[in-house]
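Fold and geometry: a report
Now for the letters of each chain:
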Amino acid sequence: DTEVTQTPKHLVMGMTNKKSLKCEQHMGHRAMYWYKQKAKKPPELMFVYSYEKLSINESVPSRFSPECPNSSLLNLHLHALQPEDSALYLCASSQGDGAYEQYFGPGTRLTVT
Amino acid sequence: QKEVEQNSGPLSVPEGAIASLNCTYSDRGSQSFFWYRQYSGKSPELIMSIYSNGDKEDGRFTAQLNKASQYVSLLIRDSQPSDSATYLCAVKAAGNKLTFGGGTRVLVKP
């Protein structure tokens, strides 16, 4: 089973709202990722958690705040977003660090109004 | 600048033909290579991984890796209309970061 789940599927939020995206995997993977994907572009890495610790932050603005409550869950807290933050937000997981395959969830389509 | 490059396409192939997709990368330290398929509006789906020089076959898909030439390719045999999608090449060097190419759009015409 290579399933990563994400909720919600769609989210519309105003620029003053606070919302959270959730990601879950039950494959025993120890690395989890947040990516942002704009239309007709490849996914862009935002954050990497390895063994529940933040290991990579790709200079993401502080209005995006990741959290890894346990090895199966990954959250992305959103606050004071801009319309240009509208995108598909993808969660992925892999067995661990290094040369492991990454599996993506279905994504959350975010629209900031 | 470490980069992964793909022809954006569209690559138009008739049904039943072989689709050939290419990807080059600049970081000689790259260790792992992946192909993802992404349908419009959906998330990327892993279809192949390859780690050593040579060919790797999985069903109608064959991945080919040549580290000396910094080149990885994907062949899709007996192409079907359902193969119409964007194919993303992804490369991992040391560390945990996957670098994606821009993707090749494939159109399979009945």
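As shown above, the structure is provided for reference.
A brief look at the structure comes next. (Residues numbered from 1 in each chain as written. Chains lettered and ligands numbered in written order. Predicted model: local features only at pLDDT ≥ 70, side-chain atom pairs only at ≥ 80, totals over all residues. Heavy atoms only, no water.)

A word on the overall build of chain A
Using the following cut-off: Elements are defined by DSSP. Helices are runs of H or I of four residues or more, strands are runs of E of two residues or more, and each kind is numbered from the N terminus. Throughout this description, buried means an accessible area under 20% of the type-specific maximum (1.4 Å probe, protein chains only), exposed means over 50%, and partly exposed covers the range between. When checking whether two residues touch, look at their non-hydrogen atoms; a contact exists if any pair is within 4.5 Å. In summary, the charge assignment counts Lys and Arg as positive and Asp and Glu as negative, without counting His or the chain termini. Note that the charge is assigned to NZ on lysines, CZ on arginines, CG on aspartates and CD on glutamates.
A count of helical and extended segments in chain A gives zero helices and 11 strands. Its helices and strands in sequence order give chain A the pattern β-β-β-β-β-β-β-β-β-β-β, from N to C terminus. With the C-alpha coordinates aligned to their principal axes, the bounding extent of chain A is approximately 35 × 25 × 20 Å. Looking at chain A residue by residue over its 113 residues, the buried ones come to 47%. Taking all contacts inside chain A whose residues are at least 6 apart in sequence as the whole, residues at least 24 apart take part in 53%. Distance between charge centroids for chain A: 9 Å, based on 12 positive and 11 negative side chains.

Section: the side chain of Ser32 of chain B
One can find Ser32 of chain B in strand β4 (residues 32-38). Ser32 of chain B gets classed as buried once you look at its relative accessible area, which sits at 0%. Filtering out sequence-adjacent residues up to four positions away, Ser32 of chain B remains in contact with Ala99 of chain A together with Ile50, Tyr51, Ala90, Val91 and Lys92 of chain B.

Things to note about the state of the cysteines
This is how it is decided: Any cysteine sulfur atom paired with another within 2.5 Å is treated as part of a disulfide.
Summed over the entire model, instances satisfying the criterion amount to two disulfides over all chains. At a sulfur-sulfur separation of 1.9 Å, the disulfide partner of Cys23 of chain A is Cys91 of chain A. One quick way to see it: the torsion about the S-S bond of Cys23 of chain A and Cys91 of chain A is about -70°, and its sign makes the bridge left-handed. Here Cys23 of chain A is found in strand β3 (residues 18-25), whereas its partner Cys91 of chain A is found in strand β9 (residues 87-94), with 68 residues between them in sequence. Each member of the pair, Cys23 of chain A as well as Cys91 of chain A, carries the same accessibility label: buried. Linked covalently through their sulfurs, Cys23 of chain B and Cys89 of chain B form a disulfide whose S-S length is 2.1 Å. In this structure, the disulfide formed by Cys23 of chain B and Cys89 of chain B twists by about -70° around the S-S bond and is classed as left-handed. Of the two residues, Cys23 of chain B sits in strand β3 (residues 19-25) while Cys89 of chain B sits in strand β9 (residues 85-92), which places them 66 residues apart along the sequence. With no disulfide of its own, Cys68 of chain A has Cys23 of chain A as its nearest cysteine by sulfur position, at a separation of 9.3 Å. Judged by its relative accessible area of 13%, Cys68 of chain A is buried.

Thoughts on the interface of chain A and chain B
Selection rule: A simple way to read buried area is as the amount of 1.4 Å-probe accessible surface that goes missing from two parts once joined, with both sides added. Salt bridge, as used here, is a side-chain nitrogen of Lys or Arg placed within 4 Å of a carboxyl oxygen of Asp or Glu. Residues adjacent in sequence count toward polar contacts only when both atoms are side-chain atoms; beyond that, a polar contact is any pair of N or O atoms within 3.5 Å, and within protein one must be able to donate a hydrogen and the other to accept it.
Counting residues at the interface gives 24 residues for chain A and 20 residues for chain B. Summed over both sides, the interface of chain A with chain B buries roughly 1600 Å², with 53% coming from carbon and sulfur. Between Glu58 of chain A and Lys97 of chain B there is a salt bridge, with the nearest N and O atoms lying 2.8 Å from each other. Between the two partners, chain A and chain B, sit six residue pairs in polar contact (both at pLDDT 80 or more). Broken down by secondary-structure element, the contributors of at least two residues to the side of chain A that touches chain B are β4 (31-37), β5 (44-50), β9 and β10 (103-104) of chain A.

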